[in-house]
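Residue strings, one per chain:
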Amino acid sequence: MLKRELERVLNTVPHHPSPKAELEQYATPSTLAATLLWLAEHHFGDIADKVVADLGAGTGRLGIGAALLGAYKVVLVEVDDESIRQAWTWVKDYGIDIRFDALVADVNNLPLRSGFLFDTVVQNPPFGVHRRGADMAFLRTASRVARVVYSIHKESSIDYVAENAIGWGFKVLKVYSEKICLPWMFEWHKKRRHCFPVVVIRLERV
Ligand code: SAH
């Protein structure tokens with residue numbers, strides 16, 4: 001599948017049905033999702049034939065993209081069952097023919113046996129605007145359950161994030177930056193559109 005085609009298909013994955021402010025539910029822009037996955041697969045070989053988890057999957061754009069790029073198995077983990085139901089419906093309708101699992105669970109309290117490892121986590125965690133530290137909590141969980149992690153963060157917090165990940169014993173690479181714009185969604189948004197730079201990082205256990 002070409003990158004442009006991946007982006008087009010991901011754009012058809014719906015947004016959160018009724019976004020909740022406290023969960024920071026924004027769908028990842030399809031250009032950003034496609035680029036993250038494309039780099040993960042074509043530069044690093046981290047997707048095809050791998051067991052991939054999408055933490056905070058929402059309606060599933062990242063996990064679905066991983067499936068389209070040939071992941072062996074994809075596990076969507078999301079605390080909001082309404083979003084995960086949307087992801088599930090999309091997957092069924094599109095007819096992706098790989099092993100998908102969905103886990104409705106809090107990423108900070110995963111019901112996995114200790115020592116369980118995915119090959120790769122892809123995630124666009126809450127940026128921690130509503131609940132301070134939510135981004136770091138996601139990254140900490142991901143670092144415990146995978147060998148390789150791709151994670152999207154606000155550029156303003158990236159040095160702090162990277163420093164922590166190095167401290168946990170990971171090699172950290174900034175693989176891609178993009179400015180994203182989120183539409184007005186919640187009462188407390190002051191502008192009709194809010195744009196800011198984000199960075200995709202890749203963590204690998206050393
Ligand atoms: N990855 C999705 C959505 C990103 S928004 C996409 O690419 O479109 C962040 C997501 O994290 C939301 O869907 C939100 O419901 C979920 N989330 C927030 N806190 C969570 C938690 N503690 N455990 C699991 N999911 C959580």
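Residues numbered from 1 in each chain as written. Predicted model: local features only at pLDDT ≥ 70, side-chain atom pairs only at ≥ 80, totals over all residues. Heavy atoms only, no water.

Honestly, the packing of aromatic side chains in this entry has me stumped. Any pointers?
By convention here, two paired aromatic rings are described through the distance between centres and the angle between planes. Applying the stated rule across the entire model yields four aromatic pairs. Arranged with centres 4.7 Å apart and planes meeting at 10°, the rings of W90 and Y94 form a pair that is stacked. With W90 and Y94 both in helix α4 (residues 81-94), this residue pair falls four residues apart, about one helical turn. Classification of W90 as buried rests on a relative accessible area of 10%. (Phe/Tyr/Trp six-rings, centres within 6.5 Å; stacked < 30°, edge-to-face > 60°. Helix = DSSP H or I, 4+ residues; strand = E, 2+ residues; numbered from the N terminus. Buried < 20%, exposed > 50% of the residue type's maximum accessible area, 1.4 Å probe, protein only.)

Honestly, the pattern of salt bridges in this entry has me stumped. Any pointers?
Counted under the stated rule, the structure contains ten salt bridges. A salt bridge links R8 to E5; the shortest N-O distance between them is 3.1 Å. Of this pair, R8 and E5 both sit in helix α1 (residues 3-10), three residues apart, roughly one helical turn. A residue is classified by how much of its surface remains accessible, and R8, at 48% relative accessible area, is partly exposed. Residue K73 pairs with D101 through a salt bridge whose shortest N-O separation is 2.7 Å. Note that K73 is positioned in strand β2 (residues 73-78) and D101 in strand β3 (residues 99-104), a separation of 28 residues in sequence. Look at K73 and you get partly exposed, because its relative accessible area is 22%. What you see here is one network of salt bridges that share partners, running through D46, K171, R202 and E204. (Salt bridge = Lys/Arg side-chain N within 4 Å of Asp/Glu carboxyl O.)

Explain the site of the ligand to me, please; I cannot follow it from the model alone.
Contacts to the ligand come from 19 residues, most closely from H16, T28, G56, E78 and V107. Here a nitrogen atom of the ligand sits 2.8 Å away from a polar atom, N or O, in the main chain of G56. Within the contact set of the ligand, a nitrogen atom lies 2.9 Å away from a side-chain nitrogen or oxygen of D106. Relative to its unbound accessible surface of 570 Å², the ligand loses 97% to contact with the protein. Here the residues of the shell around the ligand sort into nine nonpolar, seven polar and three charged. (Near = heavy atom within 4 Å. Polar contact = N/O pair within 3.5 Å; in protein donor to acceptor, adjacent residues only side chain to side chain. Areas by Shrake-Rupley, 256 points an atom, 1.4 Å probe, with all protein chains shown as cover. Nonpolar A, V, L, I, M, F, W, Y, C, P; charged D, E, K, R; others polar.)

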